[in-house]
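Examination of the molecular architecture
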Amino acid sequence: MFYKPFQDIRLSGLGMGAMRLPMRDEDHIDYEKAHAIFDEAYEAGINYYDTAYVYNGGDSERCLGQWLKTKPRDSFYIASKFNVNANPDYRAVFEEQLERLQTDHIDFYLIHCLKDYNIDKYIDGGAVEFFQEQKRLGRITYLGFSTHADLDTLTRFADHADWDFAQIQMNYYDWVYGTAAKEYEILAQRNIPIMVMEPVRGGRLASLTPEVEAILKAAHPDWSMASWALRFVKSHPQVQVILSGMSNLEQLRDNLNTFADAEGLCDEDMAMLMKAGALFRRQIYVPCTECRYCTAECPMSIHIPAFMKLYNNYKIHGPWALNGVDKIETQGQPGDCIACGACMGHCPQDIQIPKILAELAGALAKR
């Protein structure tokens, strides 16, 4: 495990995310399995453990707190977060978090999930001042924020206070097709250290298409797809800790191999990954322009463009994106498609619409 200096301490390059721990049932973490992962992570040198008030309905903080009581308090750093939308009473939330985590202070504390619609709640509601006071009292050591906001909102909040660090979603896909590169630049310009979440995009970049995986495997047969994604993030100097929500020991051990040293990607590997990422996007992304030529002839009255958009979101973001189906105004559903092919005769992009609708219907059935 390699370490990077942070103010007057050292942090492991890999951080343990406690949002995707093994579950005993739908609502409860399997503490025994989770603690086994924590044990191996700790012995391997990981000293940064990230949780939040809202993770697993609070079970994540309780699970982590129970385990951390078995370790010397000065041998690890806890990160947790306040989300105004979960509970606006920041005083009560903070006290409850200390109780759950069984500690008298939280090392890294974050204003959680900054978005365009909630920034004023944080700025005007007193939360920032309260947590700054907790820092002065020694109950918080370092104060930062995590963001899913647009660039203007991020800039405004970054300039609102003297932050010790910030957390952003950063991976090679969002670097090219999202705003991660610009977010990184905004924080780097202000010399704010970056904690990275979703470096493998919730696991989406751990399993690519066969053609893309073959290209990357030919270059480095011993690297997993997740390792490629993590090495991309390691290549950026403003990054302090890279979080990974490791759900089993196999994921942990693969990541530990990746973080045996601080090396990122060389220029040749970086160029190869960018080309592979572009191919991956082309292979999973449906080039629908929403011209609606296909809908007039559909005998089942399916809003095909809307479902093509949903399909793209599903392929890029994962199963949670399927919740968007409830907002689609349509008479017919993907499962109603009879594969008559009438739509394809009108599609300028030659999209295999019946095939995609069938795949989407299957995914929706498992939702």
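Each remark here, short or long, concerns the structure printed above.
Notes on the structure in this doc start here. (Residues numbered from 1 in each chain as written. Predicted model: local features only at pLDDT ≥ 70, side-chain atom pairs only at ≥ 80, totals over all residues. Heavy atoms only, no water.)

Counting residues in each nonpolar core, the largest one holds 85 residues, and the members touching the most others are Phe38, Tyr49, Phe131, Phe145 and Phe157. Tallying contributions element by element places helix α10 (residues 225-234) first for this core, with 7 residues. Setting aside residues up to four positions removed in sequence, Phe157 forms contacts with Ile111, Leu114, Ile119, Tyr122, Ile123, Val128, Phe145 and Trp163. Listed in part, the 23 residues of the second largest apolar core include Ile304, Ile351, Ile353 and Leu360. (Core = buried A, V, L, I, M, F, W, Y, C linked by side-chain atoms within 4.5 Å. Buried < 20%, exposed > 50% of the residue type's maximum accessible area, 1.4 Å probe, protein only. Helix = DSSP H or I, 4+ residues; strand = E, 2+ residues; numbered from the N terminus. Contact = heavy atoms within 4.5 Å.)

Here we take up the sheet that holds strand β6 (residues 106-114). Judged by pairing direction, the barrel is parallel, and its 8 strands sit side by side in the order β3-β4-β5-β6-β7-β8-β9-β10 before closing back on the first. Averaged over all neighbouring strand pairs, the angle between strand axes comes to 30 degrees, with direction disregarded. Contacts from helix α6 (residues 151-158) reach β6 and β7 (140-147), with the element oriented near 165 degrees to β7. (Pairing = 2+ DSSP bridges. Axes fitted to C-alpha atoms, helices over the stretch in contact; angles between N-to-C directions.)

This part covers the pattern of salt bridges. Evaluation of the coordinates by the stated rule reveals 18 salt bridges. One salt bridge connects Glu40 with Arg253, and the closest N-O pair in it is separated by 2.7 Å. Of this pair, Glu40 sits in helix α1 (residues 31-43) while Arg253 sits in helix α11 (residues 249-258), and the two are 213 residues apart along the sequence. The partner of Asp59 in a salt bridge is Arg62, and the shortest N-O contact between them spans 3.7 Å. Pair noted here: Asp59 and Arg62 are both in helix α2 (residues 59-68), with a separation of 3 residues, about one helical turn. A residue is classified by how much of its surface remains accessible, and Arg62, at 34% relative accessible area, is partly exposed. Here the salt bridges do not stand alone but share partners, grouping Glu61, Glu96 and Arg100 into one network. (Salt bridge = Lys/Arg side-chain N within 4 Å of Asp/Glu carboxyl O.)

We now examine the pairing of strand β2 (residues 9-12). Sheet topology note: the strand β1 (residues 3-6)/β2 ladder contains 4 bridges and is antiparallel. Opposite Phe6, over in β2, you have Ile9 as the bridge partner. Between β1 and β2, which pair antiparallel and follow one another directly, the connecting turn spans 2 residues, one of which, Gln7, has a positive phi of 50 degrees.

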